[in-house]
Amino acid sequence: MESDTLVFFVNGTKVVDKNVDPEMTLLTYLRTKLNFTGTKLGCAEGGCGACTVMISKYSPSENQISHYSVNACLSPVCAVHGLAVTTVEGIGSTKTRLHPVQERIAKAHGSQCGFCTPGIVMSMYTLLRNNPQPSYDEMMAAFEGNLCRCTGYRPIIQGYKTFTKEYCCGDAGVNGCCQNQNATTQQEEEEMLSSTKLYNANEFVPFDPTQEPIFPPELKNHADQYSKTVQFCSDRLKWIRPVSIDEILDLKAQYPDAKLINGNTEVGVEVKFKNQHYPVLLTPSHIPELKRVEITDTGVVFGASVSLSVIDKVLKNQIESLPEYKTGVFSAIVEMLRWFAGPQVRNVSAIGGNIITASPISDLNPLLMAAGCKLTLISRSGTRNVVMNDTFFTGYRKTLLEKEEILLFVHIPHTRQDEYFYGYKQSPRREDDIAIVNAGMRVIFEPGTHIVREIALSFGGMAPTTVLATKTMKALVGRKWEENMLDDICELLKKDLQLSPSAPGGMIEYRKTLTASFFFKFYLTVMNKLHAKEVIEASVPSSYKTTISPLQRDNIKSSQLYQEVADGQPADDAVGRPLVHLSAFKQTTGEAIYCDDIPPINGELYLAFVTSTKAHAKIRSIKSDEATCLDGVHAFITYKDVPGSNSTGVAVYDEEVFASEKVVCVGQIIGAIVADDKAIAQRAAKQVIVHYDELDPIITIEDAISKESYFNAIHTIARGNVQEGFEMSDHVIDGEVRLGGQEHFYLEANAAIAIPKGEDGEMEIISSSQNPTLNQKLAAKALGVPQNRIVAKVKRLGGGFGGKETRCCMYSTCLAVAAHRVGKPVRFMMDRDEDMCMSGFRHPFLARYKVGFNNNGKIQSIEIDLYSNAGCSLDLSASVMDRALYSVDGCYMIPNIRTTGYPCKTNIASNTAFRGFGGPQGMFVMEHIITDIAYKCNISQHRIREINMYKEGDLTHYNQTFITNNSLDRCWKECLQKSDYQRRKRQVDMYNSENRWKKRGISIIPTKYGISFTFKTLNQTGALVQVYTDGSVLIAHGGTEMGQGLHTKMIQVASRALNIPVNKIFISETSTNTVPNTSPTAASSGSDLNGQAVKIACDKILQRLNSFVLSNPKGSWEDWVTAAYLDRVSLSATGFYKVPDIGHDMNTNTGHPFSYFTVGVGCSEVEIDCLTGDHHVIRTDIVMDLGQSLNPAIDIGQIEGAFMQGYGLFTIEDLRWSPNGTLLTRGPGMYKIPSFGDVPTVFNVSLLANCPNKHAIYSSKAVGEPPLFLASSVFFGIKYAIMSARADAGITNIFCMDSPATAEHIRMACQDQFTSKFPPAEPGTYVPWFIRM
Ligand SMILES: Cc1cc2nc3c(=O)[nH]c(=O)nc-3n(C[C@H](O)[C@H](O)[C@H](O)COP(=O)(O)OP(=O)(O)OC[C@H]3O[C@@H](n4cnc5c(N)ncnc54)[C@H](O)[C@@H]3O)c2cc1C
Ligand code: FES
Ligand code: FES
């Protein structure tokens, strides 16, 4: 079959490809064929938005150009034939002019690592192209498909809010809006009163919507030419775009197995992640019937290819124009679409795709089924109409469609008088998430009565298909809409929706309970309507009213307070000023280069890993012939190819570069394919067959405890006499609590390039690593060369958070071996699922404790055993556990304490560093104990905290004096006062007394974080400062830039040290050949360590310049530098710094581990829905002591980002494994990190004033990790709310709530008449679908 020529435009330039590969996505095409690397790969499954681009399309029939955002990672490149694509490079550049959407996100400090930034920029840009002055809600909706892991979203929202109606003057005419120069809303005024400005919105370049690039005239003028049937073929795939219904029916008859693709949001994921290959794809985007929208007397008829965004628009119009009673189904669909994926998916995915995919958790199918929608099916044999009822889905992902048949129309009916229709959905995260359970519910009453004439209850997530609860429906017909109906509903639903305890998806009791909870909500909502119509007298009790009100999104209010620099500070001294991250502008335009953006090096090949699918097994054989026979494959690399040592590791060498005889976790590297490109390498890697002899795995902490499987790193810290302490206590209680792990979810997955230099064993490794020195060391060991032959370089990372501290070095070592073997440059960038499966997590913890305390809540004695799931190798687990032991006191003085840590050796991927490094786990246990004590003593939690809180000069349990210059006490009091805690707590209690099914909670939590690596050796670093004859300064230091603004801060430090403006100073990269033997950029110590080293080097230079300054005091920096050069004075200096007076010996409990403490306090108020487990954060206030901040914008960004990451840890981020140790939550589809909609509605951050810190550079303090734990205030707020719900149900015992507080945990902890009807199956009688660690 002959292929047509693909034609489309990118950023105004025509692309013509006569030989396109129809399997290629638009993203791969843009990045690898056109070198537009601004568009990023974050997940390849439509879940992160990093790949967002704008598509523009001309419709000849409407003579209209439309613009919409799409995920380039899911869009086949063939799908853009005849269309115009705009990428982030197409809208502005630092070299010409930044577009206002680029400028504002950067200036508002909304770009940290920058990997998410191009996608966010393009979402905002597309919104503005369609609507130059959107509302705040429209703006927030535009971001539903974008994720950011660094910023905490607040600065992005605040920067972009300046485009909205609510902010602007309202004049978006030809000259553009006045761009808010003076306009302020009441909310802005409130914010300004309490904020110190981090940027000046008045400096923003005005947005002029008339100045956007035009649609390529050729595409408009020759629209007919681009609307013809086209086909693009390769050996493996035919991609055909027919233009008439006859044509597609013929093709379907010819290729009955062909898939119809609209958005490709389902098929794309199947191909990428489920190993599916469909040889023929038909795209119906140009078939008029399938795109038809017809308004009829009975409803609306949609062609099957109509996109969800169009459906949303059409139904909203209908809702506005029709009487309310007619639009019940329409409203339910519109409400459901609000929580359905992000706009990038909704813009392209079609109603037909959703229906025919037949997913058991489809969001539309329960609604369409409950509404009894009619579907028109068509094939060459004719047309037939079917009703969407319980016969439509014939099995898991199957429908009654014949092979040659396609779905033509979907008829969505009006509702009638006396008919009520509602939809329900509960997912782990509210926005852009798939459902755990969803439902469509419809009831029709006998006219004017409350007697049920007809009822339809349809559920998703309760069976392999969407189902109708037919027995329940039958039983309810003829009954009155009265409370006694509820008595039977649980039993009825139980019979209809029988989930086995091992059913896929797990969460069995929760899912069952949700069905009843949804029905209860439906019951109350309908009752409210009947009462309003005076059909019934009884009204919904006032304490139940909030149950039926839909969730509203309020505009986010925020404030950021910091101490501005003193009036007399010289202008060139940048320390203390809110400088924009120095790469931010480049990050907004796509000019910032990340590892995988580096253009291919001549002869470069690509590597794909072959990894273990078993948790514990002997490798019996490996068969790679089929893989190596594939065209384009160069080699299959195994341990036999390692020229040096195959043993590797971090703290000890307990790992292998490539598994030789045995595998110890799923995801362990067994081999690697090296091939011409990524697609071939990945395809070949899948064809390598490994045979195993399975061994018994140890998966959970409990397994490890029972088998005493621990690493040889069991440490104890003890102080006082624990037994005596218990004897002196009024109460002694014991318990246990768990904290789950957390995926780093840096937006840029691990990537590296290894370049053999061809002589003397030299190799350059460029990677996305927090630890270039470890890259160098481990590669040298594996290659059997001295370390001086390996240069490891890092330009910037798209986020690290600890996840790229050590594990990345294992991958770059394999890469180095592969590059050595083939003698060519080799590159890899992991896919998100690989990265998640292979690279380890934050350690899950289990704590078993016993605590003694007095009636007044004063703690006397504690014994805590901590167990972490360390995974299959030691990595950093000993140090992580040590920090947990150091942190287990929280902020509290405990006279007698004994705490022991057991890093458990298991058969899961090696767990590793993650922001906080064991600290949050330790502190969480302590705060959990505080809630127990408060409950037992009947004293408020915050009072228990005050009673036990450290005072200046107290000794910690590791015998370090607690000195913060009274900061902890100041932060505590300031946070109490700023958050108005006492008054709001009374309000919360009042709210709870008035509401049964919605509850609120408030909690105030302190944190102290010891600063230093607890492994003493690492507390050192170096810097190299070089001054060139033009006066420009190049700095190299030991730290890596991963978004945290380290390079920006280092330049600020140098600006003060050298007394020159920041624009004369530059940092290019981190490299082992400029600064050797560096420590990883970790432990929050980057600025402290490197700042001192930079300053020391700068001081040396200044000293050398001193005589030239004295001889020419009025001269300039350049004059002095030139004079020094002419006088043959070295203008290059190194700085070396080690932290003085630290080091702690756990055996003797002497010395002190930390240089100083960073402290802070956070207060959060939350609301939970007791029926579904949903929650949202109403308000958070944070006060932190960061000394004299080097850069308040960056530091506040770190606080907000850490808080949101901690919020994820303690609430929605929920890792799940199969019982045999395979990670199930691999990617943004299954694993949810916080999104835009999760930001607290009020979010105030304040830096404590007047608190200089003598232990760190220019009196600053470390910030990266300490704020994360403050997010536990959300968790404990949720727990407070749950306690109220339990009290209403008459349950008053102490209860343990493990973290995270997922929707499932919240719902099931709120025990009530519904949960009690769905008891769990007897443990041991079934194999659960998933386990948590
Ligand atoms: C990030 C992300 C988030 C998502 N969120 C949600 C969500 O919140 N809720 C939800 O329900 N789903 C969600 N999905 C799933 C998916 O987006 C939807 O099911 C979507 O409606 C599929 O439409 P599509 O056009 O992209 O399907 P495609 O992938 O193009 O096609 C899907 C299937 O439908 C068949 N098909 C399409 N049209 C016809 C036709 N006319 N006749 C016969 N067969 C046809 C195809 O052959 C194919 O098998 C999400 C997907 C992604 C990637
Ligand atoms: S890379 Fe496309 S959405 Fe994540
Ligand atoms: S700045 Fe958003 S992911 Fe890093």
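In this report, the structure presented in the accompanying data block is examined.

Rules of the game
- Residues numbered from 1 in each chain as written.
- Chains lettered and ligands numbered in written order.
- Predicted model: local features only at pLDDT ≥ 70, side-chain atom pairs only at ≥ 80, totals over all residues.
- Heavy atoms only, no water.
- Helix = DSSP H or I, 4+ residues; strand = E, 2+ residues; numbered from the N terminus.
- Rg over C-alpha atoms; globule rule 2.2 N^0.38 Å.
- Buried < 20%, exposed > 50% of the residue type's maximum accessible area, 1.4 Å probe, protein only.
- Lys, Arg positive; Asp, Glu negative; His and termini not counted.
- Charge placed at Lys NZ, Arg CZ, Asp CG, Glu CD.
- Core = buried A, V, L, I, M, F, W, Y, C linked by side-chain atoms within 4.5 Å.
- Contact = heavy atoms within 4.5 Å.
- Phe/Tyr/Trp six-rings, centres within 6.5 Å; stacked < 30°, edge-to-face > 60°.
- Salt bridge = Lys/Arg side-chain N within 4 Å of Asp/Glu carboxyl O.
- Near = heavy atom within 4 Å.
- Polar contact = N/O pair within 3.5 Å; in protein donor to acceptor, adjacent residues only side chain to side chain.
- Areas by Shrake-Rupley, 256 points an atom, 1.4 Å probe, with all protein chains shown as cover.
- Nonpolar A, V, L, I, M, F, W, Y, C, P; charged D, E, K, R; others polar.
- Patch = residues over 30% accessible without salt bridge, like charges linked within 9 Å, V, L, I, M, F, W, Y side chains within 5 Å.
- Pairing = 2+ DSSP bridges.
- Axes fitted to C-alpha atoms, helices over the stretch in contact; angles between N-to-C directions.

### Side note on the overall build of the protein chain
(1) Moving on: Each helix and strand counted, the protein chain has 38 helices and 49 strands in total.
(2) Moving on: The globule rule puts the C-alpha radius of gyration for 1333 residues at 34 Å, and the 31 Å found for the protein chain is close to it.
(3) Moving on: In terms of overall dimensions, the protein chain has C-alpha extents of about 95 × 80 × 75 Å along its principal axes.
(4) Moving on: Taking all 1333 residues of the protein chain together, the buried fraction comes to 63%.
(5) Moving on: Each charge class in the protein chain can be summarised by its mean position, and for the 130 positive and 141 negative side chains these summaries are 0 Å apart.

### Overview of the nonpolar core
(1) Moving on: Within the largest apolar cluster, 338 residues are counted, with the highest numbers of intra-cluster contacts made by Tyr160, Phe459, Trp481, Phe519 and Ile673.
(2) Moving on: Here this core gets 13 residues from one element, more than from any other, and that element is helix α18 (residues 508-532).
(3) Moving on: For Phe459, the contacting residues outside a window of four places in its chain are Pro366, Val437, Asn438, Ala439, Met441, Thr465, Thr466, Val467, Ala469, Leu493, Leu497 and Thr515.
(4) Moving on: Residues Met1050, Leu1190, Ile1257 and Tyr1258 belong to the second largest nonpolar core, which totals 39 residues.

### Re the packing of aromatic side chains
(1) Moving on: Inspection of the entire model under this criterion finds 43 aromatic pairs.
(2) Moving on: Ring centres 6.2 Å apart and planes at 65° place the aromatic pair Tyr422 and Phe522 in the edge-to-face group. Residue Tyr422 is located in strand β17 (residues 419-426), and its partner Phe522 is located in helix α18; the two are separated by 100 residues in the primary sequence.
(3) Moving on: Owing to a relative accessible area of 22%, Tyr422 belongs among the partly exposed residues under this scheme.
(4) Moving on: Judged by relative accessible area, Phe522 falls into the buried class, the value being 0%.

### Describing the pattern of salt bridges
(1) Moving on: Evaluated as defined, the whole model comprises 65 salt bridges.
(2) Moving on: Residues Asp831 and Lys272 are paired through a salt bridge, measuring 2.6 Å at the closest nitrogen-oxygen approach. With Asp831 in the loop between β35 (826-829) and α27 (832-838) and Lys272 in helix α10 (residues 267-273), this pair connects stretches of sequence that are 559 residues apart.
(3) Moving on: Classification of Asp831 as buried rests on a relative accessible area of 6%.

### Some remarks on the site of ligand 1
(1) Moving on: Taken together, 32 residues lie around ligand 1, and Leu260, Asn262, Thr265, Val267 and Asp363 are the ones closest in.
(2) Moving on: One of the backbone N or O atoms of Gly263 is found 3.0 Å from an oxygen atom in ligand 1.
(3) Moving on: Here an oxygen atom of ligand 1 and a side-chain polar atom of Asn354 are 3.0 Å apart.
(4) Moving on: Alone, ligand 1 offers 990 Å² of accessible surface; in the complex the protein occludes 93% of this.
(5) Moving on: Of all the secondary structure elements, the ones that give two or more residues to the shell around ligand 1 are β8 (259-260), α14 (351-357) and β16 (406-413).
(6) Moving on: At 5 residues, the largest contribution of residues to the shell around ligand 1 is made by α14.
(7) Moving on: Split into classes, the residues belonging to the shell around ligand 1 amount to 14 nonpolar, 11 polar and 7 charged.

### Thoughts on helix α22 (residues 678-687)
(1) Moving on: Within the span of α22, buried status applies to Ile680, Ala681, Gln682, Ala684 and Ala685.
(2) Moving on: Structurally, α22 contributes buried residues whose contacts are with α10, β22 (605-611), α21 (625-629), β24 (633-637), β28 (669-675) and α27.
(3) Moving on: The distance from a side-chain oxygen at the start of α22 to the backbone nitrogen of Ala679 is 3.2 Å, and the residue carrying that oxygen is Asp677.

### Overview of the side chain of Ser93
(1) Moving on: As for its position among the elements, Ser93 is in the loop between β5 (84-86) and α2 (100-107).
(2) Moving on: A residue is classified by how much of its surface remains accessible, and Ser93, at 16% relative accessible area, is buried.
(3) Moving on: Side-chain polar atoms of Ser93 contact the backbone nitrogen of Lys95, separated by 2.8 Å.
(4) Moving on: Discounting residues that sit within four places of it in the chain, Ser93 has contacts with Leu98, Gln102, Thr589 and Glu591.

### Overview of a nonpolar patch on the surface
(1) Moving on: A cluster of nonpolar side chains, namely Val293, Ile295 and Val310, defines an oily patch on the protein surface of about 220 Å² accessible area.
(2) Moving on: Counting through the fold element by element, Ile295 comes out in strand β10 (residues 293-295).
(3) Moving on: Under the relative-accessibility criterion, Ile295 is labelled partly exposed at 47%.

### Describing the pairing of strand β47 (residues 1156-1169)
(1) Moving on: Of all 14 residues that make up β47, 14 are buried, and the element is covered over most of its length.
(2) Moving on: Here β47 shows a buried face lined by Tyr1156, Thr1158, Gly1160, Gly1162, Ser1164, Val1166 and Ile1168 and a second buried face lined by Phe1157, Val1159, Val1161, Cys1163, Glu1165, Glu1167 and Asp1169.
(3) Moving on: In terms of strand pairing, β47 meets strand β48 (residues 1175-1184) through 9 bridges, oriented antiparallel. Considered in β48, the bridge of Glu1167 is made with His1176.
(4) Moving on: Count of turn residues in the β47/β48 antiparallel hairpin: 5 residues, of which Gly1173 carries a positive phi of about 90°.

### Focus: the sheet that holds β17
(1) Moving on: Pairing in this open sheet of 4 strands is antiparallel, and the strands run β17-β18-β19-β20 from one edge to the other. Of all strands in the sheet, those bounded by a partner on one side alone are β17 and β20 (467-468).
(2) Moving on: Bridge count for strand β18 (residues 437-445) against strand β19 (residues 452-460) is 8 bridges, and the pairing is antiparallel. From the neighbouring strand, Arg442 faces β19, where its bridge partner is Ala456.
(3) Moving on: Sitting on the sheet, helix α12 (residues 328-338) touches β17 and β18, and the angle it makes with β17 is about 10°.
(4) Moving on: Along the sheet face, α18 touches β17, β18 and β19 and points at about 145° away from the line of β17.

### Considerations on the pairing of β19
The side chains of a regular strand alternate between both faces of the sheet.
(1) Moving on: Counting buried residues in β19 gives 7 out of 9 residues, a clear majority hidden from the surface.
(2) Moving on: Linking two consecutive strands that pair antiparallel, namely β18 and β19, is a turn of 6 residues; a positive phi of about 70° is found at Gly448 within it.
(3) Moving on: Taken together, the 2 bridges between β19 and β20 define a ladder with antiparallel strand orientation. Note that in β20 the partner of Ser458 across the bridge is Leu468.
(4) Moving on: Here β19 hands over to β20 after 6 residues, with Gly461 in that stretch at a positive phi of 80°.

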